[in-house]
Amino acid sequence: MSILSARVWSPYAAGILIGLLQIPAFLLMNTALGASSSFVTVAASIASVFDPAVNAIPYFKAHVSTAKDWWQVALVIGVALGAFMSARMSGTLRPAMSELWGRVMGLNFPMRLVVAFAGGFVLLLGARIANGCTSGHGLSGLSQLAVSSLIAMAAMFVSGIAISAFLKRA
Amino acid sequence: MSLIPAILLGLVMGAVFGLALEKARVMEPGFLIGQFQMTNFIMIKVMLSAIATGLVVLAVLHGLGIVQLSVKAALVGNMIVGGLLLGAGIVFAGACPGTALAQLGAGYRDAWAVVAGGLAGGYTYGLYQKEIDRALDWSGMGLGNLGKMTLTDLLPGGFVTLALVFAALIVVGLIALERWRPWRVEMERHDPTGGPGRSPGIATGYAAPAE
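Note that the structure is a prediction, hence the values are computed from the model and not measured.

Q: I keep staring at helix 1 (residues 3-23) of chain B and nothing clicks. Help me out?
A: Residues three or four positions apart in an α-helix share a direction because the helix packs 3.6 residues into each turn. In this model helix 1 of chain B runs 30 Å from its N-terminal to its C-terminal C-alpha over 21 residues, within 8% of the 30 Å that 1.5 Å per residue would give. Just downstream of helix 1 of chain B, Arg25 of chain B is the residue with a positive phi angle, here 65 degrees.

Q: What's the story with the interface of chain B and chain A in this structure? I'm lost.
A: Accessible area lost upon the coming together of the parts is a frequently used measure of interface size. Taken together, the 120 residues of chain B in the interface contact 114 residues of chain A. Ranked by residues supplied to the side of chain B that touches chain A, first place goes to helix 1 of chain B with 18 residues. Across the side of chain B that touches chain A, the residue classes break down as 79 nonpolar, 32 polar and nine charged.

Q: Hey, could you run me through the packing of helix 3 (residues 42-63) of chain B against helix 8 (residues 159-180) of chain B in this one?
A: Two packed helices can be described by the angle between their axes and the distance between those axes. Residues and elements named next belong to chain B. Relative orientation of the contacting elements helix 3 and helix 8 amounts to 155 degrees, with a least axis distance of 9 Å. Classed by the angle they form, the pair helix 3 and helix 8 counts as roughly antiparallel. Here helix 3 runs over helix 8; the crossing is left-handed. From helix 3, Lys45, Leu48, Ser49, Ile51, Ala52, Leu55, Val56, Leu58, Ala59, His62 and Gly63 reach across to helix 8, where they touch Phe159, Val160, Ala163, Leu164, Phe166, Ala167, Ile170, Val171, Gly173, Leu174 and Leu177. Considered class by class, the residues forming the contact of helix 3 with helix 8 number 17 nonpolar, four polar and one charged.

Q: I'm lost on unusual backbone geometry in this one. Help?
A: Backbone geometry follows two general trends: most residues other than glycine have a negative phi, and most peptide bonds adopt the trans configuration. Non-glycine residue Asn131 of chain A carries a positive phi angle of around 60 degrees. Tracing the chain through its elements places Asn131 of chain A in the loop between helix 8 (109-129) and helix 9 (134-143). Take Asn131 of chain A: there are 23 C-beta atoms within 10 Å of it, and that puts it in the buried class. Positive phi is not limited to glycine here, since Arg25 of chain B has a value of about 65 degrees. Checked against the element boundaries, Arg25 of chain B lands in the loop between helix 1 and helix 2 (29-36). For Arg25 of chain B, a count of 27 C-beta atoms within 10 Å puts it in the buried group.

Q: Help me understand the environment of Gly19 of chain A in this model?
A: Mapped onto the secondary structure, Gly19 of chain A falls in helix 2 (residues 11-20). What makes Gly19 of chain A buried here is the crowd of 28 C-beta atoms within 10 Å. In this structure the C-alpha to C-alpha distance between Gly19 of chain A and Ser140 of chain A, which are 121 residues apart in sequence, comes to 8.6 Å. Leaving out residues up to four positions away in the same chain, Gly19 of chain A has contacts with Ser49, Ala50, Ile51, Ala52, Thr53, Gly54 and Val57 of chain B.

Q: For this particular structure, what's the right way to read the environment of Ser90 of chain A?
A: All names here are of chain A. Along the chain, the position of Ser90 falls in helix 6 (residues 67-90). Judged by the 17 C-beta atoms lying within 10 Å of it, Ser90 falls in the partly exposed class. The sequence separation of Ser90 and Ser5 amounts to 85 residues, and the corresponding C-alpha distance is 4.4 Å. Beyond its immediate chain neighbours, meaning those up to four positions away, Ser90 contacts Ser5, Ala6 and Arg7.

The rules behind the values
Residues numbered from 1 in each chain as written. Chains lettered and ligands numbered in written order. Predicted model: local features only at pLDDT ≥ 70, side-chain atom pairs only at ≥ 80, totals over all residues. Helix = DSSP H or I, 4+ residues; strand = E, 2+ residues; numbered from the N terminus. Expected span 1.5 Å × (residues − 1). Contact = placed C-beta atoms within 7 Å. Nonpolar A, V, L, I, M, F, W, Y, C, P; charged D, E, K, R; others polar. Axes fitted to C-alpha atoms, helices over the stretch in contact; angles between N-to-C directions. Parallel < 35°, antiparallel > 145°, perpendicular 65-115°, else oblique. Left-handed = near helix turned anticlockwise from the far one by under 90°. Buried ≥ 20, exposed ≤ 12 C-beta atoms within 10 Å, placed from the backbone.

Shown next, in the form of structure tokens:
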């Protein structure tokens, strides 16, 4: 239990463990680790409650039909559960907002919610345009030497580095 | 796999993923922005370790013919513009799609807004997929769809050889990076939950890290 209640792990240990998750992903689900398409699955499912016609839109139809889609939704819910257990057991549960936001962007909590929503919007719009995120392209795509992922990750670091340069130090 | 076992498997795998993301602090907004500002290299250490591990895993599984690769098509315009937006989103969200959920689990309540924005963003792409993809089809400039291209199409040696070579190169790079920036020092300096030398107050929030 000491491993689970440890406050921090070596980034190398964490990375190796995450990399090993590709084994069950490929062997049992015939897919690679990913996170961003689950947002489409959930959004389309919520929208279809109000408007069943949503399910006829091809992109949504392709994201709500297979066990793989719901495996990924379960995966990201599991991420939240795992992070909760980890923080709970090591006594590192976080406050409502990282104090970082006040420091680098001068945000209070309500303003942070607005920026967070806008940031989340751009984040998933970009991830879906690129057909993958830091997990799907960064971890899984690069583990397969995919050219698509090399381009997407290079672009991600270029804009992340450029925009962060205008912020105060994190 | 049928639905229920797939969901149970997803929950278990996700819990392991979330545990690793929290323990390595790579879900901290300050660690992601710190990586972009080159003041904290823990994110790239986690990513490269995971990639090197994945390369070895796939060299074995794919090399033995047990699994098929699952490579995404390289639509150049989509990759560039999507990647640029992804990077901008990470800065303002303080999270990637996966780590937003880890933040939420660890207690950051602003992560709910990131997730809500993400649902809206993913939904918006679905609504305008045709238009967006058409605008980003740069075939006219020779930057259209390169297909499911991998480095095995560009470099000599098959997947197994290249995967092991790149894994080895990553390990060498990480050893050098670790010598230059030891992770314990970075963790001690940047971990917002405080090290043994500081006293994190769960109820009161955390003291700002010492500069």
